[in-house]
Amino acid sequence: MELTATLRRIERAAGALATASVVRMDESLPWFRELPAEQRSWVMLVAQAGARSLVEWLGSGGGTTDSTQEVSDEVFATAPLALARSISLQQTVALIKVTIDVVEEQVSHLAAPGEEQQLREAVLRFSREIAFAAARVYARAAESRGSWDARLQALLVDALLRGDSPDVLASRAAALGWADAPPVAVAVGRSPGGEVSAVLHTVYRYARRIGVEVIGGVHGDRLVIVLGGAADPMAATEKLLPGFGDGPVVVGPAVPSLDEATDSARAALAGYRAAPAWPTAPRPVPAADLLPERALAGDAEARRRLRHDVYAALVRAGGELLETLDAFFAAGGTLESAARALFVHPNTVRYRLRRIAEVTGFSPLTPRDAFALQVALTVGRLDPIVPAGVPGPSQK
């Protein structure tokens, strides 16, 4: 089937068809009217390229029923890739439909006598091919954008771990569309492996389901996730666990904004490094619950917290609490034996143990808390607290 005469008519009418299509888009698609003038001009260029593509497609045999000729993706090359970010695939399909409707309405004027039905059938096949071409363009744009976003997120996570200035964090976060919804927390676990973009896509999918913001990066075998807008970061991380590989997942403390997330990231990383020392730890586990392991692994912040928040608190509360705790541990956690060693009634020991729990947040009667208290006592005595105004060992 040849449409030689019809092809000449379509070539002459190509410009008018493109103009009529854009006018129809403006009339029938409210969102199209709201586009900036630059983007509307891009659509005009695509419409003109589409008219030329129809001529080329028909001329190369695409109009025949047994042809396998595809429409080239080059029809969309006249507009920058930014158009694919501004207009969704669904909206692009709507634009294509309007254009095809305009062409179909003009079939009686475009087709040579006797070729009207053949042109209508060819236009229907062309509309299918142009839709497939659009889908290919959007798929490539999404793939490219995913790779770029993955690199940008990796840079942001690097900046967090390094403690870069808030301006650096803000600019990189803004490029990713981060809304900085409070609170913000960082979770660290093992990466499941594979393409970074695929790993992050899985995390995003779960994050969308629970309505939280995420930025992620894969560093070696670690997956680092920044969560925003999760009222309970621990509960949110639990919903994201399918995106992590095997092994511990540690969540840093919640902070008000991304500017302060470096502290959360450092705590989570320190906890992740120390987590193997607690094989039965819950998953996920707060970084704060790993303070004793972190201190033993050399984390200066964990040592500082145990020294100031636990040991110093006991010192301030009075010597009898420290004395009781030492006696309790020396007695192997047996309350009556500790009472005999201290020459007090067991109820006195019980009272003091309750006071220790109130002062430090750790109960000596709980094995896990007792371990944290023992490490805190050790750290506190190795790194003695220097009273204000008294020079420390390094200052003498």
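Keep in mind that what you see is a predicted model, and the values were worked out from it rather than measured. (Residues numbered from 1 in each chain as written. Predicted model: local features only at pLDDT ≥ 70, side-chain atom pairs only at ≥ 80, totals over all residues. Heavy atoms only, no water.)

Draft legend 1. Representation of the nonpolar core within the structure. Ranked by size, the top nonpolar core spans 28 residues in total, and within it Leu-306, Leu-314, Leu-325, Phe-329, Ile-356, Leu-373 and Leu-377 carry the most contacts. Elements represented by at least two residues in this core include exactly α12 (291-296), α13 (300-317), α14 (319-330), α15 (335-342), α16 (346-360) and α17 (367-382). Ranked by the residues each element gives to this core, the list is headed by α17, at seven residues. Leu-377 has contacts with Tyr-311, Leu-314, Leu-322, Leu-325, Asp-326 and Phe-329, leaving out every residue within four places of it along the chain. (Core = buried A, V, L, I, M, F, W, Y, C linked by side-chain atoms within 4.5 Å. Buried < 20%, exposed > 50% of the residue type's maximum accessible area, 1.4 Å probe, protein only. Helix = DSSP H or I, 4+ residues; strand = E, 2+ residues; numbered from the N terminus. Contact = heavy atoms within 4.5 Å.)

Draft legend 2. Examining the pairing of strand β3 (residues 222-228) more closely. Counting buried positions along β3 gives six out of seven residues, so the element sits mostly inside the fold. Alignment of strand β1 (residues 184-190) against β3, held across seven bridges, turns out to be antiparallel. The partner of Ala-187 across the bridge, within β3, is Ile-225. For strand β2 (residues 213-219) and β3, the ladder comprises seven bridges, and the chain directions are antiparallel. The partner of Gly-217 across the bridge, within β3, is Val-224. Here β2 folds back onto β3 in antiparallel fashion, the turn holding two residues, of which Gly-220 has a positive phi close to 65°. (Pairing = 2+ DSSP bridges.)

Draft legend 3. Examining the environment of Pro-286 more closely. Within the secondary structure, Pro-286 is located in strand β5 (residues 285-286). What makes Pro-286 partly exposed here is its relative accessible area of 22%. Sequence separation between Pro-286 and Val-250 is 36 residues; the distance between their C-alpha atoms is 5.7 Å. Those residues in contact with Pro-286, other than ones at most four positions away along the chain, are Met-234, Val-250 and Val-251.

Draft legend 4. Structural detail: the pattern of salt bridges. For the structure shown, the criterion picks out 12 salt bridges. In this structure, Asp-383 engages Arg-303 in a salt bridge whose closest nitrogen and oxygen atoms are separated by 2.8 Å. With Asp-383 in the segment after α17 and Arg-303 in helix α13, this residue pair connects regions lying 80 residues apart in the sequence. Owing to a relative accessible area of 23%, Arg-303 belongs among the partly exposed residues under this scheme. Through salt bridges with shared partners, a single ionic network connects Arg-303, Arg-307 and Asp-383. (Salt bridge = Lys/Arg side-chain N within 4 Å of Asp/Glu carboxyl O.)

Draft legend 5. Inspection of the packing of α13 against α16 at higher detail. One way to put it is that α13 packs onto α16 with a least axis distance of 9 Å and a crossing angle of 125°. With respect to each other, α13 and α16 are oriented oblique. Helix-helix and strand crossings are classified by hand; for α13 and α16 the assignment is right-handed. Contacts between α13 and α16 pair Asp-309, Val-310, Ala-313, Leu-314 and Ala-317 from the former with Arg-355, Ile-356, Val-359 and Thr-360 from the latter. Grouping the amino acids of the contact of α13 with α16 by side-chain chemistry returns six nonpolar, one polar and two charged. (Axes fitted to C-alpha atoms, helices over the stretch in contact; angles between N-to-C directions. Parallel < 35°, antiparallel > 145°, perpendicular 65-115°, else oblique. Left-handed = near helix turned anticlockwise from the far one by under 90°. Nonpolar A, V, L, I, M, F, W, Y, C, P; charged D, E, K, R; others polar.)

Draft legend 6. Broad picture of unusual backbone geometry. With an omega of -10°, the peptide bond between Pro-182 and Pro-183 qualifies as cis. Within the secondary structure, Pro-183 sits in the loop between α8 (166-175) and β1. For the bond from Arg-283 to Pro-284, the omega torsion is 5°, close enough to zero to count as cis. We note that Phe-343 has phi near 60°; this positive angle belongs to a residue other than glycine.

Draft legend 7. Inspection of α17 at higher detail. For α17, built from 16 residues, the straight-helix expectation of 22 Å at 1.5 Å per residue is met to within 8% by its first-to-last C-alpha distance of 23 Å. Listed as buried for α17 are Asp-369, Ala-370, Ala-372, Leu-373, Val-375, Ala-376, Leu-377, Val-379 and Gly-380. If you follow the buried residues of α17, they end up packed against α12, α13, α14 and α16. (Expected span 1.5 Å × (residues − 1).)

Draft legend 8. Quick peek at the confidence of the model for the chain. Residues at a pLDDT of 70 or more form 82% of the chain, whose mean pLDDT is 83. Here residues 387-396 scores under 50 on pLDDT; set against residues more than four positions off or in separate chains, the count is four contacts. (pLDDT = per-residue confidence, 0-100.)

Draft legend 9. Summary view of the side chain of Arg-294. On the secondary structure map, Arg-294 appears in helix α12. The buried category is assigned to Arg-294, whose relative accessible area is 2%. Among residues more than four places away in sequence, those in contact with Arg-294 are Ala-267, Ala-270, Gly-271, Ala-274, Ala-287, Ala-288, Asp-299, Glu-301 and Ala-302.

Draft legend 10. Representation of the packing of α13 against α14. Closest axis-to-axis distance for the α13/α14 pair is 5 Å, and the angle between their directions is 120°. By the criterion of interaxial angle, the relationship of α13 to α14 is oblique. Across from Tyr-311, Leu-314, Val-315 and Ala-317 in α13, the residues of α14 making contact are Leu-321, Leu-322 and Leu-325. Per-class residue counts for the contact of α13 with α14 are seven nonpolar, no polar and no charged.

Draft legend 11. Quick peek at a negative patch on the surface. There is a patch of like negative charges on the surface, built from Asp-167, Asp-259, Glu-260 and Asp-263. Of note, Asp-259 is situated in the loop between β4 (250-251) and α11 (261-274). On the basis of relative accessible area, Asp-259 is assigned to the partly exposed category, the value being 42%. (Patch = residues over 30% accessible without salt bridge, like charges linked within 9 Å, V, L, I, M, F, W, Y side chains within 5 Å. Areas by Shrake-Rupley, 256 points an atom, 1.4 Å probe, with all protein chains shown as cover. Lys, Arg positive; Asp, Glu negative; His and termini not counted. Charge placed at Lys NZ, Arg CZ, Asp CG, Glu CD.)

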